[in-house]
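Summary of structural features
One-letter residues, chain by chain:
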Amino acid sequence: MAAWDTVPPELRASDAERENVIRALRDGSIEGRLSHETFIRRVDRALRARGSAELAELLADLRPPGRVTGLLTRSVAWWSGLTAQLGDAWRRPRLPGLILPRDDRAVFTIGRSPECDLALGDLTVSWRHAELRRVDGRWVLADLRSTNGTLVNGWQAGPGFAVRPGDCVTFGQLSFRLADHP
């Protein structure tokens, strides 16, 4: 076998060729045409291969799946992904709705104080926690330097964050899903 430096560059295996071979090996393993041990050994050999011929040897006995097998494999993969998404959606907590005001007032306060427009009786909510204001026809939620923060879809609201129906808002440990007035 020739030394690495003496192999002409056009015969050396490229990174793209290695990735293609590893992808084909992975697909063969997923489809059950390769055992896990064989897959691991061949990936190691693919990473060490010096030339395209060595890479081709790794796939020589791995025939591509027929049209029906390929279609079935892709269908099962799609169905599996769909059921995983449905399961995630089912386990996601159902949040109580928080209806956006229909009033013409520009500012609504949220907090533990009885004087707030939306009084929340949870100790993780600050006395004056946040405010919801109408700015140019849009709703903006602003944290009022609360102790436990205000989140919109997992992001810190800070001094102002545009919100709309469907957004998840969190005050301390209380979470709500914003909704339009019916």
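Report follows, based on the coordinates. (Residues numbered from 1 in each chain as written. Predicted model: local features only at pLDDT ≥ 70, side-chain atom pairs only at ≥ 80, totals over all residues. Heavy atoms only, no water.)

With respect to the pairing of strand 4 (residues 130-135)
Regular strands place side chains that alternate from one sheet face to the opposite one. Summarising the sheet, strand 2 (residues 107-111) and strand 4 pair through four bridges and their orientation is antiparallel. By the bridge assignment for strand 4, Phe108 is matched with Leu132. In this sheet, strand 5 (residues 138-143) lies alongside strand 4 in antiparallel orientation, the contact comprising six bridges. Within strand 5, the position partnered with Arg133 by the bridge is Val140. Where strand 4 folds back onto strand 5 in an antiparallel hairpin, the turn is made up of two residues, including Asp136, whose phi is positive at roughly 50 degrees. (Pairing = 2+ DSSP bridges. Helix = DSSP H or I, 4+ residues; strand = E, 2+ residues; numbered from the N terminus.)

Notes on the packing of aromatic side chains
Enumeration according to the criterion identifies three aromatic pairs in this entry. Between Trp78 and Trp79 the ring centres are 6.0 Å apart and the planes differ by 50 degrees, which places this aromatic pair in the tilted class. Residues Trp78 and Trp79 agree in their burial class; the two are exposed. Ring centres of Phe108 and Trp139 lie 5.9 Å apart, and the angle between their planes is 55 degrees; on these two criteria the pair is classed as tilted. Taken together, the residues Phe108 in strand 2 and Trp139 in strand 5 connect sequence positions 31 residues apart. Both residues of the pair, Phe108 and Trp139, count as buried. (Phe/Tyr/Trp six-rings, centres within 6.5 Å; stacked < 30°, edge-to-face > 60°. Buried < 20%, exposed > 50% of the residue type's maximum accessible area, 1.4 Å probe, protein only.)

Focus: the pairing of strand 10 (residues 174-179)
Here three bridges tie strand 1 (residues 97-99) to strand 10, and the two strands are oriented parallel to one another. Along strand 10, the bridge assignment pairs Gly97 with Arg177. Relative to strand 10, strand 9 (residues 168-171) is paired through four bridges, and the arrangement is antiparallel. The residue of strand 10 that forms the bridge with Thr170 is Ser175. If you look at the hairpin formed by strand 9 and strand 10, you'll find two residues sitting between the two strands, and Gly172 has a positive phi there, around 65 degrees.

Focus on the side chain of Thr38
Along the chain, Thr38 turns up in helix 2 (residues 36-48). In this structure Thr38 comes out as buried when scored by relative accessible area, which is 17%. Among the polar contacts made by the side chain of Thr38, one reaches the side chain of Ser35 at a distance of 2.9 Å. (Polar contact = N/O pair within 3.5 Å; in protein donor to acceptor, adjacent residues only side chain to side chain.)

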